[in-house]
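# Results of the structural survey
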Amino acid sequence: MTTQTLEQRLRAVEDKLAIYQLIASHPPAADTGTDSYYRDAFTSDGTVDLGGGKAANGNEAIASVVKTEAHQAAIAGGLCHFTGLPRVTINGDTATATSYLQVITPNRDAPAVDIPGHGTTGGFRIHRLGANRWELVRTPDGWKVTRRTLRQLDGSPEARDLLKQAF
Amino acid sequence: MTTQTLEQRLRAVEDKLAIYQLIASHPPAADTGTDSYYRDAFTSDGTVDLGGGKAANGNEAIASVVKTEAHQAAIAGGLCHFTGLPRVTINGDTATATSYLQVITPNRDAPAVDIPGHGTTGGFRIHRLGANRWELVRTPDGWKVTRRTLRQLDGSPEARDLLKQAF
Amino acid sequence: MTTQTLEQRLRAVEDKLAIYQLIASHPPAADTGTDSYYRDAFTSDGTVDLGGGKAANGNEAIASVVKTEAHQAAIAGGLCHFTGLPRVTINGDTATATSYLQVITPNRDAPAVDIPGHGTTGGFRIHRLGANRWELVRTPDGWKVTRRTLRQLDGSPEARDLLKQAF
């Protein structure tokens, strides 16, 4: 640290915030079907690996997922991607990030509950809960994702193996 | 980027972190009824638009909401505002931020579940789930909110329209 | 602010991001039983106070918790710590942070729900929901936690008292 110039230190900070921004932009893109986000955020040979053999290769293929009839139907029903604070590690011109992601939907079958001043609702349910590992690269157009791997936190070892890579 | 001075780049970073701090301070303020947070965080003509015609105009009116009997009753019953990582865009002396917000309450009717080492609870339920758009302005006293718009992510188009503005 | 050098301002930014990283690293460590995280993140006389008289004193004791049979059983069943955006206040060589934490587990008794393009699951439940207060100190080896206090947001006054300290 002590041998770094101010510019190098500042760049490390900017890098981290740029990667935060990439990860923070994913939920609004997913929940609105904004394919341009995926096209810009992933490299042309980037990969999304959702587990169970479900994957998309290349930023165009990744972007097209949110335009499918199934994804649009999920959006119409009420779809929320909710992400927390990620752990981000920069290593020169590459970086990795570990984040958690909830996929939340309206709980249509739950009895309505009234909370004073906060309305009466049936509430929402966490439909999916995943651990994400993002692999990123610095490009002339900013940081881009080369690989996003998602595993469900359902007790299976795959999610734990993914999270362990953070350390 | 290349034509910016170190000071300008540093200021952009400080701006982003200051806005993170404003957004991160909202849940503790809401959950404790700390009206001074709202008085300081919003401009005197700031607005909170919660949808469905529910709105408060001016930082004093906004601050007074958490002192109402209804809000105090919600706090006494167990109230949690939970926010994730926001997307923040600075544009000179104004900024916008997009964030997600869960309002969570104890699940008083659910059967108790035991998780080893983590106690036996009936758990908690997500009562409300919203998309937030924050509009901010730089002032001599730091960044302040001119408008916060919240829409429920229940499948209605309003939340999607709000989220789309992020892009 | 105006009297601070660029180096001082940059250091304040780096401090905040270092504390974000400490807090963001907690969930992956808890959910994988990575005891080295706790050993490194806490001072040798650091304390974790979970409320109800449940506490661990010293980084070694704190680290050993995730190696207990109970914690390992919870991990095997599917365990997720989910944290949002923290509020962080630096004060020279000490700092405090306020964060929220969900402990989420698979909802084994819930009926399966299908969301188009997002699979069929019984979903997940929020088992615990806590307010955290982190007290930190700058050391030659980076920021370390001297005390983490957690209180459940179940309507009892302890969590509110903890959150109020943020202001």
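Attention in this report is confined to the structure presented alongside it. Keep in mind that what you see is a predicted model, and the values were worked out from it rather than measured.

The next subject is the interface of chain B and chain A. Each partner contributes to the interface: chain B provides 42 residues, whereas chain A provides 47 residues. Buried area between chain B and chain A, summed over both chains or domains, comes out near 3500 Å², and the portion from carbon and sulfur atoms is 68%. Summed over the shared surface of chain B and chain A, the result is two salt bridges. The salt bridge partner of A:Glu14 is B:Arg9, with a shortest N-O separation of 2.6 Å.

Take the environment of B:His71 next. Residue and element names in this part refer to chain B. Relative to the assigned elements, His71 resides in helix α4 (residues 69–77). What makes His71 buried here is its relative accessible area of 7%. Counting along the chain gives 39 residues from His71 to Thr32, while the straight-line C-alpha distance between them is 9.7 Å.

Let's shift gears to the side chain of A:Gln21. Secondary-structure assignment places A:Gln21 in helix α1 (residues 6–32). For A:Gln21, a relative accessible area of 15% gives the class buried.

Here the structure, examined in full by the defined rule, presents 15 aromatic pairs over all chains. Considering the side-chain rings of B:Phe82 and C:Phe82, the 6.1 Å spacing of their centres and the 45 degrees angle between planes classify their relative orientation as tilted. Linking B:Phe82 in strand β3 (residues 80–83) with C:Phe82 in strand β3 (residues 80–83), this pair reaches from one chain into another. Look at B:Phe82 and you get buried, because its relative accessible area is 0%. The rings of A:Phe82, A:Tyr100, B:Phe82, B:Tyr100, C:Phe82 and C:Tyr100 are connected pair by pair, giving a single aromatic cluster. Sitting over the face of the ring of B:Trp134, B:Arg148 holds its NZ or CZ atom 5.5 Å from the ring centroid.

All right, on to the side chain of C:His118 then. Note on placement: C:His118 falls in the loop between β6 (113–114) and β7 (120–121). A relative accessible area of 10% places C:His118 in the buried class. A polar contact of 3.0 Å, which involves the side chain of C:His118, links it to the backbone oxygen of C:Pro116. Not counting the four nearest positions on each side in its chain, C:His118 is found in contact with A:His71, A:Ala74, A:Leu79, A:His81, A:Val103, A:His127 and A:Arg128.

What follows is about the packing of helix α5 (residues 157–164) of chain A against helix α1 (residues 6–32) of chain C. For the pair α5(A) and α1(C), interaxial distance at closest approach is 9 Å and the crossing angle is 135 degrees. With respect to their mutual orientation, α5(A) and α1(C) come out oblique. Crossing of α5(A) against α1(C): the hand is left-handed. Taking contact as the criterion, the partners of A:Arg160, A:Leu163 and A:Lys164 in α5(A) are, on α1(C), C:Pro28, C:Asp31 and C:Thr32. Taken together, the residues of the contact of α5(A) with α1(C) break down into two nonpolar, one polar and three charged.

Right, let's talk about the pattern of salt bridges for a bit. Opposite charge on two side chains makes pairing possible when the charged atoms of those side chains draw close. Taken as a whole and assessed by the stated rule, the structure comprises 27 salt bridges over all chains. Ionic pairing is found between C:Arg9 and B:Glu7, a salt bridge with its closest N-O pair at 2.9 Å. A residue pair is termed interchain when its members come from two chains, as with C:Arg9 in helix α1 and B:Glu7 in helix α1 (residues 6–32). Owing to a relative accessible area of 32%, B:Glu7 belongs among the partly exposed residues under this scheme. Through salt bridges with shared partners, one network takes in A:Arg11, A:Asp15, A:Asp93 and A:Arg138.

This paragraph deals with the pairing of strand β9 (residues 142–152) of chain A. Residue and element names in this part refer to chain A. With eight of its 11 residues buried, β9 lies for the most part within the structure. Here strand β8 (residues 124–139) runs beside β9; their pairing, made up of 10 bridges, is antiparallel. Bridging from a neighbouring strand, Asn132 pairs with Leu150 of β9.

Another point: α5(A). What α5(A) keeps buried is the set A:Ala159, A:Arg160, A:Leu162 and A:Leu163. The buried residues of α5(A) all sit within an arc of 160 degrees when viewed along its axis, so they share a single face. Next to the buried residues of α5(A) lie β5 (94–106), β8 and β9 of chain A together with α1 and α4 (69–77) of chain C.

Cut-off values and rules
Residues numbered from 1 in each chain as written. Chains lettered and ligands numbered in written order. Predicted model: local features only at pLDDT ≥ 70, side-chain atom pairs only at ≥ 80, totals over all residues. Heavy atoms only, no water. Contact = heavy atoms within 4.5 Å. Buried area = accessible area lost by both parts, 1.4 Å probe. Salt bridge = Lys/Arg side-chain N within 4 Å of Asp/Glu carboxyl O. Helix = DSSP H or I, 4+ residues; strand = E, 2+ residues; numbered from the N terminus. Buried < 20%, exposed > 50% of the residue type's maximum accessible area, 1.4 Å probe, protein only. Phe/Tyr/Trp six-rings, centres within 6.5 Å; stacked < 30°, edge-to-face > 60°. Lys NZ or Arg CZ within 6 Å of the ring centre and 35° of its normal. Polar contact = N/O pair within 3.5 Å; in protein donor to acceptor, adjacent residues only side chain to side chain. Axes fitted to C-alpha atoms, helices over the stretch in contact; angles between N-to-C directions. Parallel < 35°, antiparallel > 145°, perpendicular 65-115°, else oblique. Left-handed = near helix turned anticlockwise from the far one by under 90°. Nonpolar A, V, L, I, M, F, W, Y, C, P; charged D, E, K, R; others polar. Pairing = 2+ DSSP bridges. Arc of directions from axis to C-beta.

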